[in-house]
Amino acid sequence: MQQSNKEIYRSQTDDIDLRALFNSLVVRKFLIAGLTGFVTVLAILYALNLTPTYQVSSSFTSPSTASIATINKLDLTEETKESVFSAFLTQLSSKGFQKIAFVEGDYLTQFNADNAPIDDVDAFITGTVKSVKVKGPNLKNNDLTELPYILSMQGNNPEAMSQYLNELVAMANSKIINELVELIEKKISIRLEEISLERRLLITKAKNKRLNEIGVLTEAAKTARSLGISENNFKRMTGNQFNSNQIAISLGDNTIIPNLYLYGEIALLKKIQILESRSSDKFFIPALIAIDIEKIKLESEVVAMNSVSAMKISQVALIPKNPIKPNKRMIILLAFIVSFIMSILLALIMGAVRPDEKTTA
């Protein structure tokens, strides 16, 4: 019986306490509403004055097969999609190159739209391009794939950032292509020098061969004159016998017939005359044909790569509509919830420290 009375008393006490707490909150409702509203208004003003941060991004993939084929069409280079794209990514990621693009594009004025004084221009540029990031897809075995790479930048000037990123991509692409053009032109120049040297060596070799032949024929003509062989003597052969002015010659498979017997002095002198009057030996060098064709092809080749690119654009950098931060709605909502809870706690504490007569009645 005694235990039941205690439970009834405890229940009545809890009801009284809850009623008192509720009455305390009702009495101080203006405090709660005022404090909550005040903090919320401050949060709204704070959020409205925050500088929004935007993120601009561009995406691209490795170059097309046609571009690589154009680069390698002269067989002077052995570039691949991976090698060209890697060079492009390296150039694009270079902070030094990003600064050069920033300065050459006169983006200092665009990113400092308020014309605020800049004490350290280099530090300003470094801080601006610091947010430029190149992020690739998850690769396996470090192989480049057709998945896009992302170039992004964060800041408070979306128009300037989008223009800067697009120009940065274009400049990096142009630089890589120009380097390839310079490399190909250099290799063409080297190959033309090699061809010129090969031609001179072949012509010199042919000339020396002709001069040697003239020397041999001259000696043969002298010998034929001394032996009285003015013409070849085969027509005077009778069976296997030669006259007294002839020398027996075995016509076996391994026998080389001397020119003096094969031609005679008259024919030898005529051949010497023809060889000496030859103006050029290049028409008698078969190897020159292939070399000259290659030379003409290289000299007529125009290294134009207007249609060649070190990458393929998937998405140009567009001006974003909404900032990525701050989340003004979230800031205001949190300020409202927190201030509301804190004002309730404050009202309860005030009710406990200084209970009002109306709340205890």
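Reading the values: the criteria
- Residues numbered from 1 in each chain as written.
- Predicted model: local features only at pLDDT ≥ 70, side-chain atom pairs only at ≥ 80, totals over all residues.
- Heavy atoms only, no water.
- Helix = DSSP H or I, 4+ residues; strand = E, 2+ residues; numbered from the N terminus.
- Buried < 20%, exposed > 50% of the residue type's maximum accessible area, 1.4 Å probe, protein only.
- Areas by Shrake-Rupley, 256 points an atom, 1.4 Å probe, with all protein chains shown as cover.
- Expected span 1.5 Å × (residues − 1).
- Arc of directions from axis to C-beta.
- Contact = heavy atoms within 4.5 Å.
- Salt bridge = Lys/Arg side-chain N within 4 Å of Asp/Glu carboxyl O.
- Pairing = 2+ DSSP bridges.
- Axes fitted to C-alpha atoms, helices over the stretch in contact; angles between N-to-C directions.
- Core = buried A, V, L, I, M, F, W, Y, C linked by side-chain atoms within 4.5 Å.

1. Some remarks on the overall build of the chain
Scanning the chain from N- to C-terminus turns up 13 helices and four strands. Buried positions account for 29% of the 361 residues belonging to the chain. Here the chain has roughly 23700 Å² of accessible surface; of this, 58% comes from carbon and sulfur atoms.

2. Concerning helix 4 (residues 81-93)
Compared with an ideal rise of 1.5 Å per residue, which puts 13 residues at 18 Å, helix 4 spans 18 Å between its outermost C-alpha atoms and is within 8% of the ideal. Three or more residues of helix 4 are buried, namely V84, F85, F88, L89, Q91 and L92. In a view along the axis of helix 4, the buried residues occupy a sector of 165°, so they form one face of it. Residues of helix 4 that are buried make contact with strand 1 (54-61), helix 3 (65-71), helix 5 (95-104), strand 2 (133-135), strand 3 (149-155) and helix 8 (158-227).

3. With respect to the pattern of salt bridges
In the structure shown here, the tally under the stated rule is ten salt bridges. Measuring nitrogen to oxygen at the nearest pair gives 2.6 Å for the salt bridge that ties R199 to D292. Of this pair, R199 sits in helix 8 while D292 sits in helix 11 (residues 287-300), placing them 93 residues apart in sequence. According to the relative accessible area criterion, R199 is buried, its value standing at 18%.

4. Focus: the sheet that holds strand 3
Strand order across the open sheet formed by four strands is 2-3-1-4, with antiparallel pairing between neighbours. The open sheet has two edge strands with one neighbour each: strand 2 and strand 4 (312-315). Strand-to-strand twist of the sheet, defined as the mean angle between neighbouring strand axes without regard to direction, takes the value 30°. By the bridge criterion, three bridges tie strand 2 to strand 3 in an arrangement that is antiparallel.

5. Observations regarding the nonpolar core
Membership of the largest hydrophobic core comes to 44 residues, with the highest contact counts inside it found for F60, F88, Y164, L165 and L168. Among the nonpolar cores identified, the runner-up in size contains nine residues, and I214, A220, A224 and I229 belong to it.

6. Side note on unusual backbone geometry
Keep in mind that most residues, glycine aside, have a negative phi and that most peptide bonds are trans. The backbone of D106 sits at a positive phi, close to 55°, despite the residue not being glycine. Within the secondary structure, D106 is located in the loop between helix 5 and helix 6 (107-111).

7. Examining the side chain of S162
In this fold, S162 is placed in helix 8. Overall, S162 belongs to the buried group, its relative accessible area being 5%. S162 has contacts with V56, A317, L318 and I319, leaving out every residue within four places of it along the chain.

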